[in-house]
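# Results of the structural survey
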Amino acid sequence: MNIGLKLKLNFKIDKENRKRREKSLEYQLGNAAEDASDIASFVTIDTKSLENVRKDQTIFERLKDFLTTDTLNFFRQRNEEEGEGRSRTRGREEEAEEGARKKRKTGKVTLVPRSAGPRVTTFDTLLFDTIDVFPIFPLFLFTNKNLDLINTHMPELKRAKISHIEGKPHVLDLKEIAKWVKEAGGICRDEDLDFIQWSQAAKNFYQFECLRDEDLGKEAPRALFYVEHFAFFLNQQDSEDFFAYWLKVEVKLRKEHQSKLYAFDGDTYEREWTLNW
């Protein structure tokens, strides 16, 4: 996705999240009958791309109406830092001419408040590029712990060059990622997930699939499939108690969908469920 699409998508997500927070507050205050849905995740935008928007007046004017408050604050802070830098440079030149030296002022430190709200999950752009190349994508990467590991260490993760695709993109090497996650203490196989981890990963993966088709959102075919797919297993009687028995069925049907783009079919799911008991 280009920077314009990412900014527009994040602006839309930020607007919807504000509505969710307001609804959640009303619920906590007893002024609403039901709580708001979970906060949606933002698309990750690298600092270099944001800097290009900030510095290029033409691009900034074109996209300024889609900048979130956090993005605008980032731009203001960078502008202030650069302004202070230019002032210090002029001051040193004047001091050199006068033969005097002055101490440089220390940079301004901005403290970030600790968030007490719902967890906001983010997905690096490279994850989107990778699933486009390797559609059979493991669910274990989407547990909260593994996503945190990936987002923190993304620059050092091993890439694979895809020579048969135009542009020869570099994407994540999934086999090496699995080994790395294991060494870091995370779950490295779908079959090793427990119910809580699987539930976390299912929720995060659904949000991820919504973002893949950002223009369609929750009406996207992939997102709609995973709503029905995950709900089938979660809605079974005593679902959590029998998780170890049905996990292999879930993995099998999910991989079949990813490899052949099968639509959700309730009869097939019921048949697979029955055969594996």
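Cut-offs and rules
- Residues numbered from 1 in each chain as written.
- Predicted model: local features only at pLDDT ≥ 70, side-chain atom pairs only at ≥ 80, totals over all residues.
- Heavy atoms only, no water.
- Helix = DSSP H or I, 4+ residues; strand = E, 2+ residues; numbered from the N terminus.
- Buried < 20%, exposed > 50% of the residue type's maximum accessible area, 1.4 Å probe, protein only.
- Contact = heavy atoms within 4.5 Å.
- Phe/Tyr/Trp six-rings, centres within 6.5 Å; stacked < 30°, edge-to-face > 60°.
- Polar contact = N/O pair within 3.5 Å; in protein donor to acceptor, adjacent residues only side chain to side chain.

### Here we look at the overall build of the chain
Scanning the chain for helices and strands turns up eleven helices and two strands. The order of α-helices and β-strands along the chain, N terminus first, is α-α-α-α-α-α-β-β-α-α-α-α-α. For the chain, the residues scored as buried account for 38% of the 277 residues in total. Long-range pairs, those at least 24 residues apart, make up 68% of the contacts in the chain with a sequence separation of at least 6.

### Remarks on the packing of aromatic side chains
Tallying each qualifying case throughout the model produces 27 aromatic pairs. Between Phe232 and Trp273 the ring centres are 5.9 Å apart and the planes differ by 85 degrees, which places this aromatic pair in the edge-to-face class. Of this pair, Phe232 sits in helix 9 (residues 221-234) while Trp273 sits in helix 11 (residues 266-275); the two residues are 41 residues apart in sequence, bridging distant segments of the chain. For Phe232, a relative accessible area of 10% translates into the label buried. The exposure class assigned to Trp273 is buried, which follows from its relative accessible area of 12%. On the numbers, 4.5 Å between centres and 50 degrees between planes, the contact of Phe264 with Tyr269 is tilted. We classify Phe264 as partly exposed; its relative accessible area is 23%. A relative accessible area of 4% places Tyr269 in the buried class.

### Remarks on the environment of Asn151
One can find Asn151 in helix 6 (residues 144-153). Judged by its relative accessible area of 26%, Asn151 falls in the partly exposed class. When the C-alpha atoms of Asn151 and Leu127 are compared, they prove to be 9.9 Å apart, with 24 residues separating the residues in sequence. Dropping the residues within four chain positions of it, Asn151 is found in contact with Thr122 and Asp124. At 3.1 Å, the side chain of Asn151 and the backbone oxygen of Thr122 are in polar contact.

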